[in-house]
Amino acid sequence: MQAAVGRSFQNISANCQDLRISSLAKFVPINCGFVANAMTTDVRQLKQQTRKHIKQGLQSLTAEQMAHESARITAHVLGLRPYVGSKMIGIYLHCKKLREVDTTQILEDAMRQGKKCYVPVVEDSKSNMKFLHLDELSCLRRVPPFNIQEPPDTYVDGSPRQDVLQCRTCLDVLLVPGLGFDRAGRRLGRGGGYYDKMISQLQHLAIEEGRQPPLIVALSYEAQLVSAVPMDKHDQPVDLVVTASDVVQCTKRGADAVMEMR
Ligand SMILES: Nc1nc2c(c(=O)[nH]1)N(C=O)[C@@H](CNc1ccc(C(=O)N[C@@H](CCC(=O)O)C(=O)O)cc1)CN2
Ligand SMILES: Nc1ncnc2c1ncn2[C@@H]1O[C@H](COP(=O)(O)OP(=O)(O)OP(=O)(O)O)[C@@H](O)[C@H]1O
């Protein structure tokens, strides 16, 4: 299915990397329901305020709205050329309680198409996460502390489950969750640093292997797209933000991916 094509990359004046500038004033989410004095608060506080604002917006979504937006987002993703052509894909297992965009249909499509799917498994509380191969949905179970679905470390036959970093597998596409996003590709997570670390590790791996890093695609309800997300040095931008109404091109890579769709 043909995905909607968002605002063109040329209209975004700065590259994401250049957006990590020192003036915090740029990061005040101007469409948020509060006024922050950016010059006297730090990025951490601004992130907390932005998280609170977005969580309020998410709370007001009905189950029907979320199902409707998730279905449209799924259709956009399934039409993206990099997704269609991908062989190895990283995909999050959405958490209903956290009101994340539902990835069930994308995962089922990817498995049906014979793509190799890898899903996140939290290792510790120090931002360490693995991406393990998912061969069948029936092995998934909820794991504390976050109670998000994860596969066990081994396959049914007891052999170790393939790990993206250990096997030096370069993912083609990585679908990421998040609490909030903006049109420049800034992403606000839930504060664990897991995705920032993983994206950075995958980029290093790709460089070492002489490959392209994965295309980073965020899935977002409209309520999660704000005018500006506060950003730290370690925060990793995304290439595309897919919403129900738009495929937002945040980087040149994202713009190229959407161009190829036409
Ligand atoms: N579906 C999914 N899987 C994921 C993530 C994610 O965000 N979504 N993660 C991405 O890192 C990692 C797990 N990290 C998580 C970090 C916080 C919370 C969480 O429940 N946060 C609460 C606040 C908790 C508190 O403040 O004490 C929340 O956001 O409401 C969940 C997962 C790996 N797997
Ligand atoms: N590459 C990294 N290596 C080690 N720690 C990191 C890395 N990136 C982020 N962190 C740690 O994670 C903590 C939380 O960061 P931040 O608030 O930006 O997370 P987030 O983007 O909300 O979370 P996530 O990426 O899991 O969605 C930071 O204090 C930082 O110390």
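Reference entry: report on the structure contained in this document.

Conventions and cut-offs
- Counting restarts for each chain, with residues numbered from 1 along the sequence as it is written.
- Chain A is the first chain written and ligand 1 is the first ligand written, with later ones labelled in order.
- Reporting of local features is limited, given that this is a predicted model, to residues whose pLDDT is at least 70; pairs of side-chain atoms are given and counted only at 80 or more, and all residues count toward the totals for whole chains, interfaces and linings.
- To get the side-chain values, take all heavy atoms of the structure and skip hydrogens and water.
- A single heavy atom is enough: if one lies within 4 Å of a molecule or strand, its residue is considered near that molecule or strand.
- We call two N or O atoms a polar contact when they sit within 3.5 Å, provided that within protein one can donate a hydrogen and the other can accept it, with sequence-adjacent residues counted only if both atoms are side-chain atoms.
- Using a 1.4 Å probe, the Shrake-Rupley method yields the accessible areas, and only the shown protein chains count as cover for residues.
- Put simply, DSSP H or I for four residues or longer makes a helix, DSSP E for two residues or longer makes a strand, and each gets a number counted from the N terminus.
- Only Asp, Glu, Lys and Arg are considered charged in this grouping, and only Ala, Val, Leu, Ile, Met, Phe, Trp, Tyr, Cys and Pro are considered nonpolar; every other residue, Gly among them, is considered polar.
- Only Phe, Tyr and Trp rings are paired, with Trp represented by its six-membered ring, and only when their centres lie within 6.5 Å; those with planes under 30 degrees apart are stacked, over 60 edge-to-face, the remainder tilted.
- Note on exposure labels: buried denotes an accessible area under 20% of the residue type's maximum, exposed denotes more than 50%, and partly exposed covers the range between, all computed with a 1.4 Å probe on protein chains only.
- In this analysis the charged atom, NZ for Lys or CZ for Arg, is taken to sit over a ring once it is within 6 Å of the ring centre and within 35 degrees of the ring normal.

A separate point is the site of ligand 2. Near ligand 2 lie 15 residues; those nearest to it are Lys47, Arg51, Arg187, Gly191 and Tyr194. Gly191 places a polar main-chain atom, nitrogen or oxygen, 2.8 Å from an oxygen atom of ligand 2. At 2.9 Å from an oxygen atom of ligand 2 is found a main-chain nitrogen or oxygen belonging to Gly193. Burial of ligand 2 by the surrounding chains reaches 72%, relative to a free accessible area of 650 Å². Of all the secondary structure elements, the ones that give two or more residues to the shell around ligand 2 are α1 (43-59) and α5 (194-209). Looking at the shell around ligand 2, the element that brings in the most residues is α5, giving four residues. A breakdown of the residues in the shell around ligand 2 according to their chemical character gives two nonpolar, six polar and seven charged.

Within this structure, the stated rule accounts for two aromatic pairs. Consider the rings of Phe131 and Tyr195, whose centres lie 6.2 Å apart with planes at 75°: the pair is edge-to-face. With Phe131 in strand β3 (residues 129-133) and Tyr195 in helix α5, the pair connects residues that are 64 residues apart, well separated along the chain. Summarising the burial analysis for this pair, Phe131 and Tyr195 share the class buried. For the ring pair Phe146 and Tyr194, a centre distance of 6.1 Å and an interplane angle of 85° mean the geometry is edge-to-face. Taken together, the positions of Phe146 in the loop between β4 (141-143) and β5 (148-150) and Tyr194 in helix α5 put the pair 48 residues apart, joining distant regions of the chain. Accessibility expressed as a relative area gives 45% for Phe146, which makes it partly exposed. By relative accessible area, which is 13% here, Tyr194 ends up buried. The ring of Tyr83 carries Lys115 above its face, with NZ or CZ at 4.8 Å from the centroid.

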